[in-house]
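# Working through the structure, step by step
Listed below are the residues making up each chain.
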Amino acid sequence: MNKTYKLTLTAMMIAIGTISSNLVVIPVGFTKVFPIQHFLNVVSAVLLGPYYAVAQAFCTSVLRNLMGTGSIFAFPGSMAGAFLAAILFLKTRKIYMAFAGEVIGTGIIGAILCYPIASLLLGQKATLFGFIPLFIFSSFAGALLGFIILIVFLRKKVLLKTGSFDNRVNQ
């Protein structure tokens, strides 16, 4: 897949994430749960690879923060999840590993990375175990949606026809 195609697909995912953040944000405490980001992370991890997946997560988080629909916690959570999902998919070529990478990357690693931000930089009293359930719930819901859509597209051979999906993918 050429770079222009990957950049265009990444830009479209950033646009989808930015626009939908006005519609599907769930404020919980001082975080804003956004399952669509996790859906996009799984899709971009499978279709584009780690560099584009992390870039998509970063740009979407920047735009969401500029628009006021995101929080500072969007950065470590979404980027760690996108990276781990892409790396696990790259190594195994299994879509369920991208799903697991997103949930573990965002739900556990991203939550751990958010704890110092809340405690030190924002001066808020935060507990580590307060972040983990919220992040796992949000990432599980969004990653499951991405997993289901990718499986359906694979079975219907939609992605194989466009040239954006590799024939070496296993379910």
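Up top is the structure.
Worth saying up front: this structure is predicted, and the values here are computed from it rather than measured.

## Focus: the overall build of the chain
- For the chain, the count of helices and strands is 7 helices and 2 strands.
- Reading the chain from its N terminus to its C terminus gives the helix and strand order α-β-β-α-α-α-α-α-α.
- Taken across its 171 residues, the chain has 47% of its residues classed as buried.
- The contacts of the chain with a sequence gap of at least 6 include a subset with a gap of at least 24, amounting to 69%.

## Considerations on the packing of helix 2 (residues 35-47) against helix 4 (residues 74-92)
- At a closest axis distance of 8 Å, the pairing of helix 2 and helix 4 adopts a crossing angle of 30°. For the pair helix 2 and helix 4, the sense of crossing is right-handed. Within the contact between the two elements, helix 2 uses Gln37, Asn41, Ala45 and Val46 and helix 4 uses Ser78, Ala82, Ala85, Ala86 and Phe89.
- Looking at the contact of helix 2 with helix 4, its residues break down into 6 nonpolar, 3 polar and no charged.

## Topic: the packing of aromatic side chains
- Summed over all chains, the structure comprises 3 aromatic pairs.
- A ring pair is formed by Phe99 and Phe140, whose centres lie 5.4 Å apart and whose planes are at 70°; its orientation type is edge-to-face. With Phe99 in helix 5 (residues 95-121) and Phe140 in helix 6 (residues 128-155), the pair connects residues that are 41 residues apart, well separated along the chain.
- Note on Phe99 and Phe147: the rings are 6.0 Å apart at their centroids and 50° apart in plane angle, and the pair reads as tilted. Of the two residues, Phe99 is situated in helix 5 and Phe147 in helix 6; the sequence distance between them amounts to 48 residues.

## Observations concerning a nonpolar patch on the surface
- On the surface, Ile104, Ile108, Ile109, Ile112, Leu113, Ile136, Phe140, Leu144, Ile148, Val152, Phe153 and Val158 cluster together into a nonpolar patch covering about 920 Å² of accessible area.
- The residue Val152 is located in helix 6 in this model.
- For Val152, a relative accessible area of 41% translates into the label partly exposed.

## Section: the layout of surface pockets
- Approximately 250 Å³ is the volume found for the second largest pocket.
- Residue lining of the second largest pocket: 14 residues in total, with Leu9, Met13, Val43, Leu47 and Phe153 positioned closest to the centre.
- With 5 residues, the top contributor of residues to the lining of the second largest pocket is helix 1 (residues 3-20).
- Class assignment for the residues of the lining of the second largest pocket results in 13 nonpolar, 1 polar and no charged.

What counts, and at which threshold
Residues numbered from 1 in each chain as written. Predicted model: local features only at pLDDT ≥ 70, side-chain atom pairs only at ≥ 80, totals over all residues. Heavy atoms only, no water. Helix = DSSP H or I, 4+ residues; strand = E, 2+ residues; numbered from the N terminus. Buried < 20%, exposed > 50% of the residue type's maximum accessible area, 1.4 Å probe, protein only. Contact = heavy atoms within 4.5 Å. Axes fitted to C-alpha atoms, helices over the stretch in contact; angles between N-to-C directions. Left-handed = near helix turned anticlockwise from the far one by under 90°. Nonpolar A, V, L, I, M, F, W, Y, C, P; charged D, E, K, R; others polar. Phe/Tyr/Trp six-rings, centres within 6.5 Å; stacked < 30°, edge-to-face > 60°. Patch = residues over 30% accessible without salt bridge, like charges linked within 9 Å, V, L, I, M, F, W, Y side chains within 5 Å. Areas by Shrake-Rupley, 256 points an atom, 1.4 Å probe, with all protein chains shown as cover. Salt bridge = Lys/Arg side-chain N within 4 Å of Asp/Glu carboxyl O. 1 Å grid on protein atoms, 1.4 Å probe; cavity = no way out; pocket = protein on both sides within 12 Å on 5 of 7 lines; lining within 4 Å. Points joined across faces, edges and corners; volume = space filled by probe spheres on them.

Don't take any of this as a statement about function, it's just geometry.
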